[in-house]
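These are the residues of each chain, in order.
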Amino acid sequence: MRQPATNKPLRRPRRLRQSPAIRDLVREHDVSLNDLIHPIFIEEGIDEPKEVSAMPGIVRYPEAMVEQEIRELAELGVRYVMPFGISRHKDALGSDTWNGEGLLVRMIRAIKRACPEMVVIPDICFCEYTSHGHCGVVEDGHVCNDATVENLVKQCITAAEAGADMLAPSAMMDGQVRAIREGLDAAGYEQVGILAHSAKFSSSFYGPFRTAVDSELEGDRKGYQMDIANGRQALVECLLDEEEGADILMVKPGTPYLDVLANLRRRSDLPLASYQVGGEYAGIKYAAMAGALDEREVVFETLVGFKRAGADLIVSYYTRQVAEWLAGK
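Residues numbered from 1 in each chain as written. Predicted model: local features only at pLDDT ≥ 70, side-chain atom pairs only at ≥ 80, totals over all residues. Heavy atoms only, no water.

## Structural notes on the overall build of the protein
So, point 1. Helices and strands together make up the secondary structure of the protein, namely 11 helices and 13 strands.
So, point 2. Dimensions along the principal axes, computed over C-alpha positions, put the protein at roughly 90 × 40 × 40 Å.
So, point 3. Burial status across the protein gives 53% buried among its 329 residues.
So, point 4. The long-range fraction of contacts in the protein, counting pairs at least 24 apart against all pairs at least 6 apart in sequence, stands at 75%.
So, point 5. As displayed, the protein offers around 15,600 Å² of accessible surface, 49% of which is attributable to carbon and sulfur atoms. (Helix = DSSP H or I, 4+ residues; strand = E, 2+ residues; numbered from the N terminus. Buried < 20%, exposed > 50% of the residue type's maximum accessible area, 1.4 Å probe, protein only. Contact = heavy atoms within 4.5 Å. Areas by Shrake-Rupley, 256 points an atom, 1.4 Å probe, with all protein chains shown as cover.)

Pasting the structure below:
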């Protein structure tokens with residue numbers, strides 16, 4: 001006997017959302033501390049932590065407190081850190097970065113003393129160390145690509161000698177990854193990896209970071225950082241870094257450039273990273289402080305969003321707080 005016609009749906013996707021257990025069963029992406037890299041600011045010449053005014057909850061640590069902070073992070077389960085130095089020995093070249101007793105070296109050594117198994121991935125650039133605030137050698141008002149690359153190689157070898165596990169070059173100079181890879185290999189550091197800031201956009205979201213590292217800029221970085229409108233050009237940059245020997249490719253900032261990250265995921269099988277930068281952190285933090293957002297829920301939603309778009313790892317100023325949340329603190 002023919003059954004009466006029905007308008008009831010044959011497919012019911014809600015079946016897979018009906019209980020927490022079933023939602024967990026079919027969840028496509030999740031976030032753990034294995035995915036997160038913690039940026040840490042370390043300042044010369046201070047005796048106690050200084051809060052970064054534009055980033056509530058984030059501080060600059062004095063060198064004397066680095067080991068204590070690293071041990072606390074390790075106890076929380078944080079496994080990867082990206083140190084940034086706030087130098088009191090700035091010059092036109094950022095030469096303190098290849099000084100064998102400079103701040104970069106001291107930071108890396110302190111972290112390794114406190115926790116030898118902590119993976120140290122220092123930022124490799126010059127903006128925190130130059131008197132003009134640019135990411136390289138300035139000649140006639142322009143950043144000189146090849147001279148900057150030569151100095152980046154010196155900085156990288158110095159960081160590797162100090163014990164860095166991986167390096168994160170962020171200057172956006174043409175050919176920097178190849179030169180760094182060749183320089184490291186020639187110096188006997190074939191095991192040191194490169195997490196390349198491959199598509200680093202000239203973004204207004206960096207404002208809080210510049211406050212954090214006292215990087216007073218003369219002019220702008222649009223001549224070397226990526227144009228915010230150019231997604232295809234970003235893929236060119238990333239794929240060049242892959243050809244030149246990068247181990248991990250990063251898109252920076254995170255949230256405004258998820259399309260670039262997703263497109264890159266379709267083009268590369270390398271591990272990919274996304275950087276949730278200072279402006280993204282501050283936007284969430286201030287909205288939460290005003291009671292407009294549930295901070296924890298929003299943070300995890302953004303982190304899952306990076307994973308869904310293709311990120312294998314995320315650099316986030318929320319890493320320590322996420323670790324505390326996961327530990328029930």
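## A look at the UniProt feature "binding site: Mg(2+)" (unreviewed entry) in the protein
So, point 1. Here, the residues flagged by UniProt with the feature "binding site: Mg(2+)" (unreviewed entry) are Glu237.
So, point 2. The topology assignment puts Glu237 in helix α7 (residues 231-243).
So, point 3. When sequence neighbours within four positions are dropped, the list of residues in contact with Glu237 reads Met172, Asp174, Ser198 and Met226. (UniProt positions renumbered as here; feature names shortened; annotations may be inferred.)

## Considerations on the pairing of strand β3 (residues 59-62)
So, point 1. The alternating pattern of β3 places Val59 and Tyr61 and Arg60 and Pro62 on opposite faces, both of which are buried.
So, point 2. By the bridge criterion, 3 bridges tie strand β1 (residues 36-43) to β3 in an arrangement that is parallel. Within β3, the position partnered with Ile42 by the bridge is Tyr61. (Pairing = 2+ DSSP bridges.)

## Looking at the packing of aromatic side chains
So, point 1. Applying the stated criterion across every chain yields a total of 11 aromatic pairs.
So, point 2. Summarising the aromatic geometry, the rings of Phe300 and Trp325 are spaced 6.0 Å apart at their centres and angled 40° between planes, so their arrangement reads as tilted. Of this pair, Phe300 sits in helix α10 (residues 295-309) while Trp325 sits in helix α11 (residues 319-326); the two residues are 25 residues apart in sequence, bridging distant segments of the chain.
So, point 3. According to the relative accessible area criterion, Trp325 is buried, its value standing at 12%.
So, point 4. Through a chain of ring-to-ring contacts, three or more aromatic side chains come together here, namely Phe41, Phe84, Phe209, Tyr275, Tyr281, Phe300, Tyr317, Tyr318 and Trp325. (Phe/Tyr/Trp six-rings, centres within 6.5 Å; stacked < 30°, edge-to-face > 60°.)

## Considerations on the side chain of Lys285
So, point 1. You can see Lys285 is positioned in helix α9 (residues 278-289).
So, point 2. You can call Lys285 buried: its relative accessible area is 9%.
So, point 3. Polar side-chain contacts of Lys285 include one of 3.2 Å to the side chain of Gln321.
So, point 4. Here Lys285 is in contact with Pro56, Glu295, Tyr318 and Gln321, once residues within four sequence places are set aside. (Polar contact = N/O pair within 3.5 Å; in protein donor to acceptor, adjacent residues only side chain to side chain.)

## Quick word on the nonpolar core
So, point 1. By size, the foremost hydrophobic cluster in this structure holds 106 residues, and its most contacted members are Phe41, Ile70, Leu184, Leu195 and Val322.
So, point 2. Element by element, the count of residues in this core is highest for helix α3 (residues 103-114), at 8 residues. (Core = buried A, V, L, I, M, F, W, Y, C linked by side-chain atoms within 4.5 Å.)

## Some words on α3
Each full turn of the α-helix corresponds to 3.6 residues, which orients residues three or four apart in the same direction.
So, point 1. Taking 1.5 Å of rise per residue, 12 residues should cover 16 Å, and α3 covers 17 Å from first to last C-alpha, within 8% of that figure.
So, point 2. The buried fraction of α3 amounts to 9 of the 12 residues, a majority that puts the element mostly inside the structure.
So, point 3. Within the sequence span of α3, burial applies to Leu103, Leu104, Val105, Met107, Ile108, Ala110, Ile111, Lys112 and Ala114.
So, point 4. Residues of α3 that are buried make contact with β1, α2 (66-76), β4 (80-86), β5 (119-120) and α4 (145-162). (Expected span 1.5 Å × (residues − 1).)

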